Amino acid sequence: MKHISQPRFEAPPPGGSFRTAVNVCLMTALLSSTVFAVNLRAYAQQATPLRGALQDNVLQAQNNNNSSTAQTGNPPNAPAPPTDSGIPSRRYEPVSPGALPPDDDNGNLGLLGVPLDDGSPPSGPADNSGGMNPDSAALPGGETAPVPAARPLRLRPGERSLLEEERADTFDNGPIEQNREANPPAVRTDRDNLPEPALEKRIIRPDPEPFAPLGIRAGLVTLRPSISTGLRATTNADGSSDGSAALLSETRLRARATTDWARHSAWLDFDGTYDKTISGEEYSAPNIGLRSGIQLDLGERTTVKGEAGYLYRQEDPSAPTTIIGTSNRPAVQELDGSLGVRKEFGKFFADAKGNVDRTTYGNAEFSDGSVVSQKDRNNTFASIALRGGFEMSPAIKPFAEVGIGKLMYDEKEDSNGFQRSGVRTGLRGGVEVDFAEKLVGEFALGYLHQGIDDDRLVPVDGLSVDGAMKWSPQRGTDVDIGLLTRVEGATAPGDSGSIFYEGTVGIKRQARANLDLKATLIASLRDNKDGSGWDKGFGAEIGATYWFNRFFGFDISARHEFTRSEVETRQTNETSIFMGVTLQR
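Residues numbered from 1 in each chain as written. Predicted model: local features only at pLDDT ≥ 70, side-chain atom pairs only at ≥ 80, totals over all residues. Heavy atoms only, no water.

K.L.:
When you look at the side chain of Ser472 in this model, what are you seeing that I'm missing?
P.N.:
Within the element layout of this structure, Ser472 appears in strand S15 (residues 460-474). When its relative accessible area of 14% is taken as the criterion, Ser472 is described as buried. Within the structure, Ser472 has its side chain in polar contact with the backbone oxygen of Gln474 (distance 3.3 Å). In this structure the side chain of Ser472 is engaged in a polar contact, spanning 3.1 Å, whose partner is the backbone oxygen of Thr477. Sequence-distant contacts of Ser472, that is, excluding residues within four places in its chain, are made with Glu437, Lys438, Thr477 and Asp478. (Helix = DSSP H or I, 4+ residues; strand = E, 2+ residues; numbered from the N terminus. Buried < 20%, exposed > 50% of the residue type's maximum accessible area, 1.4 Å probe, protein only. Polar contact = N/O pair within 3.5 Å; in protein donor to acceptor, adjacent residues only side chain to side chain. Contact = heavy atoms within 4.5 Å.)

In C-alpha cells, the structure reads:
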C-alpha cells in the first residue's frame, strides 16, 4: 500500500520571512468564515422560531425526493424538470434598450415574449424550495405527492405562539381622520377661459298678433289703410218708412295715421262708405267721416289738446225735420273744431275748452223736378266750457263742468218767420277714470237748456247724458261704450225742436289669431217738444272677419234696425246681410 504524504506546516526558522506568516493567517481566516457561514445557514433553516414545527410526512417526502434525484444522477441543485401546471415566468426585459447584452436565445420567444414550450427547461429562477413546494414534489409516474393537513402546535399552558406575540406587540392606531377645516380637500375649480357670448344675440319670439296690419311707415308717422268691398242685400234701401228691397254694392275705405313723437302725439282717422244699387230700388249715397287730434305737453302738469272733424252724411229719414215726399235724402255736412288746456295743481285740476260747430243742409228734390232750399237751417254753434275737479286716486277723478254757448242761424228768420237763434247753457257732473288698459274714459250726467229768441217758441231743455268708455274685460276682448245728447232744431211752424239721446255698445272679440267676432248694439230716444211723444229706435249687428294672412280677409255680417213713433212717417224697419272681402296694409 502506497503511503500518501500529507503536507506539513512547519514553523519558520527563526528570523524567517514575515510574508509567509501573513499568508498563512489569511488562509486560515478565509476557511474559518466559510465553514461558519455554511453551518449557520443550515442551523437557520432548521430553527423552530423561523420555520415552525415540521411534520414527519413532510420530511419523508423530502427524503424521497433526494433519493430519486440521486438515482437519476442529477445534482442536488439542478433545476427541476418542467411540468405542465402553471404559466412560466416571463423573461426580464429592461425599459432602456441595450442595458443587457444580446441573447442568442431570442428566437425561442413567442409573440408576447414568452418562451415557447419546446421541451427545454424554462428560463428563470430555479426552484430552491427543497421539495417544500407541492408543485415540485412529483412522484414517480408523474403524480404529485399529497400534502397533509398542518398539525396544530402543542403549546405549554400559558405559552403563546410567535404570531400571537407579534399581534400583541402591534398597536391598532386606526385610520387618521382628516381635519377638513384646517386642511380642506382639493376641489375642482371653475373654468376661467369661458367662451364669450355674442355681442348681438338674435332671439326669435312668436308674434302676439300675426294677422295685425303692419302699416306704412314714413318717418315718425305710421299709416294703416284698409278697404272693404262686397254686396249687401237689404229690405229697405234708403231707410225710409216706404223704402223697398234692393241689392247694393258697398265699398268702405278706412285709414288711420299716428305719430311716434317722443313727447307730443297726433292722429288722423278717415272713414268713407259708398253704396250703389245693383238691382232693386234706386239708391246712391256716400258717407264720409274725417277726424284728427293733437296733444301737446307744455310742462310737467300742463296739457293742450285740439281736435277737428268733418262729416258728410244723409239726413235721417225718421227725423222730424225731414221733408216728406222728396226723391232724395238731403245731404248734411258738419264741421267742428275744439281747443282746450288743462292745468293740474297738486290734487286739483282745471280745464278750459272752446268749441265751434258748423252745420249745413242740402236742397230737397222732388220727383217733379222742383227743389226746396234748406239754407235757412244752416247754423253755427260756439261754446266754452269750464271744468274743475280733484284727484281722488290716480285712476279716479271726479269733476264738475259748466258750459255756455250761442246757437246762431245764418238767417235771422226761417222760411216761416221764426227766430230760432238762442243761448245754450249746461251743467254737468261726472268722473274721469284711467285704469290703463282695463278701463279708460269719462261719464257725465247733467242738465241742458236751449233758449230761443222768438217768444212764440218754448225753450228746449232736459237731462243730458254723455260719456265715452273703452273697457277690456280680458285679453282679446274690447268693449266701446258711447253716450250722446244733442239738441235738434225744427222747421215746422210752432215747433221748438227736440232732444236726441243715443247709446252704443260695440264688442270685438279675437276668437283666434285670424278670426275676429264683432257685435254692435244701438238704442236711441227722441224727446219731441211738439207734443208727438217719444221716438224709439233700436239696432243690432253681428259680424265676423276671417283673415287668410295679414293683408286679406273675408267679411260677413247681418244687421237689423227699426224705429217706432206715434207719427207714421217716422217708423222704419230694415234687415240686411253683407258679404265681402277686406284688404289692409
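K.L.:
Would you take a moment to explain the environment of Ser292 for this structure?
P.N.:
Looking at the element boundaries, Ser292 is found in strand S5 (residues 284-297). According to the relative accessible area criterion, Ser292 is partly exposed, its value standing at 24%. C-alpha separation for the pair Ser292 and Trp267, spaced 25 residues apart in sequence, amounts to 5.6 Å. Filtering out sequence-adjacent residues up to four positions away, Ser292 remains in contact with Trp267, Leu268, Gly306, Glu307 and Ala308.

K.L.:
Even after reading the chapter, I still don't get the pattern of salt bridges, so can you show me in this structure?
P.N.:
Once the charged atoms of two side chains with opposite charge are near each other, the side chains can pair. Scanning all chains against the criterion turns up 30 salt bridges. Residue Asp535 pairs with Arg526 through a salt bridge whose shortest N-O separation is 3.8 Å. (Salt bridge = Lys/Arg side-chain N within 4 Å of Asp/Glu carboxyl O.)

K.L.:
Is there a simple way to think about the packing of aromatic side chains in this case?
P.N.:
The description of an aromatic ring pair uses the distance of the two centres, along with the angle that the planes make with each other. Taken as a whole, this structure holds three aromatic pairs when the rule is applied. Considering the side-chain rings of Phe538 and Phe562, the 6.0 Å spacing of their centres and the 45° angle between planes classify their relative orientation as tilted. Of the two residues, Phe538 sits in strand S19 (residues 534-547) while Phe562 sits in strand S20 (residues 552-564), which places them 24 residues apart along the sequence. Overall, Phe538 belongs to the partly exposed group, its relative accessible area being 38%. These aromatic residues form a ring-pair network of at least three members: Tyr546, Phe548 and Phe552. Geometry around Tyr361 places Arg377 over its ring, the cationic atom sitting 3.9 Å from the centre. Lying across the ring of Phe399, Arg387 places its NZ or CZ 3.8 Å from the centre. (Phe/Tyr/Trp six-rings, centres within 6.5 Å; stacked < 30°, edge-to-face > 60°. Lys NZ or Arg CZ within 6 Å of the ring centre and 35° of its normal.)

K.L.:
I'm lost on the confidence of the model for the protein chain in this one. Help?
P.N.:
For any part of a model where pLDDT is low, the fine detail of the predicted coordinates should not be relied upon. Across the protein chain, the average pLDDT comes to 79, with 68% of residues at or above 70. The low-confidence segment residues 1-17, where pLDDT is below 50, has zero contacts with residues more than four positions distant or belonging to other chains. In this model, residues 65-85 is a region of pLDDT below 50 whose contacts with residues beyond four sequence positions or in other chains number seven contacts. (pLDDT = per-residue confidence, 0-100.)

K.L.:
So what exactly am I meant to see when it comes to the pairing of strand S2 (residues 221-234) here?
P.N.:
A regular strand places its side chains on the two faces of the sheet in alternate fashion. Relative to S2, strand S1 (residues 216-218) runs antiparallel, the two sharing three bridges. Residue pairing in the sheet places Ala218 in a bridge with Val221 of S2. Counting the residues between successive antiparallel strands, the hairpin from S1 to S2 contains two residues, one of them, Gly219, with a positive phi of roughly 70°. Where S2 and strand S3 (residues 246-259) come together, 14 bridges link them in antiparallel fashion. (Pairing = 2+ DSSP bridges.)

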